[in-house]
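Structure assessment
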Amino acid sequence: MKRRHYLNTLLALVISALLGCTQPVRLTEADQATLRRALDDEMQAANAGNAAAWASLYAPDAIVLRPHATAVEGRESIQRWLATLPRISNAKGEVQELDGDGDLAYSRGNYRMSFTIPGVPMPIEVTGSAVDGKTRPKSWLRSKVCSSRCMIVALMAGMFSEN
């Protein structure tokens, strides 16, 4: 009986030690390159005015948290929202921080772009910051996004629209 108790205790200690020694799965260099390339793809789609290509970088159940507005939920809704933005040019983004573990990653970065609004003589330069949550399945699609500026420009565009 004592021997059995001793073996059970030893087995529990070994299992605990093994579980405690597992290393998290960090992002590989290939993962990091893919995540950085996704930002470049997003800026290209924004410059091209291609809401479908831009939205394709989001997971089907993605959520975009906009300042001073309700969240946009789902890829189709995100695409419809992106299509309402004024013409964008000179969009550039820079990843400041990138980290992840297993199938989840996040990036924090800055962006700069120009919006051309009908009735406004000069393009409006916008800078902002964003935090993205991404998931590995399906090539690191964006799943949660919090952005700081785009909504303000969309509101301004509505003030100057002729509708």
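As shown above, the structure is provided for reference.
Starting afresh in each chain, residues are numbered from 1 along the sequence in its written order. Where local features are concerned, this predicted model is filtered to residues with pLDDT of at least 70; where side-chain atom pairs are given and counted, the filter is 80 or more; whole-chain, interface and lining totals use all residues. Values shown for side chains rest on all heavy atoms present in the structure; no hydrogens or waters enter the calculation.

1. Quick look at the overall build of the protein chain
Note the cut-off: Per the convention used, a helix needs a DSSP run of H or I reaching at least four residues, while a strand needs a run of E reaching at least two, with both numbered from the N terminus. Buried residues are those whose accessible area, probed at 1.4 Å on protein chains only, stays under 20% of the maximum for their type, while exposed residues exceed 50% and partly exposed ones sit between those limits. Residue contacts are counted whenever heavy atoms from the two residues lie within 4.5 Å of one another. Surface accessibility in these figures is a Shrake-Rupley result with a 1.4 Å probe; residues are shielded only by whichever protein chains are displayed.
Within the protein chain, the regular secondary structure consists of six helices and six strands. Traced from its N-terminal end to its C-terminal end, the protein chain shows the element sequence α-α-α-β-β-α-β-β-β-α-β-α. Here the protein chain holds 163 residues, and the buried ones make up 37% of them. Put simply, 54% of the contacts in the protein chain that link residues at least 6 apart link residues at least 24 apart. Accessible surface, the protein chain: about 10400 Å² in total, of which carbon and sulfur atoms supply 58%.

2. Digging into the pattern of salt bridges
Note that side chains of opposite charge can pair when their charged atoms are close. Selection rule: One side-chain nitrogen of Lys or Arg within 4 Å of one carboxyl oxygen of Asp or Glu is enough to make a salt bridge.
Counted by the stated rule, this structure contains one salt bridge. Put simply, glutamate 97 and arginine 108 hold a salt bridge, and the shortest N to O gap is 3.0 Å. One end of the pair, glutamate 97, is in strand 3 (residues 87-101); the other, arginine 108, is in strand 4 (residues 104-116), and 11 residues separate them in sequence. The exposure class of glutamate 97 is partly exposed, given its relative accessible area of 32%. On the basis of relative accessibility, which here comes to 36%, the residue arginine 108 falls in the partly exposed class.

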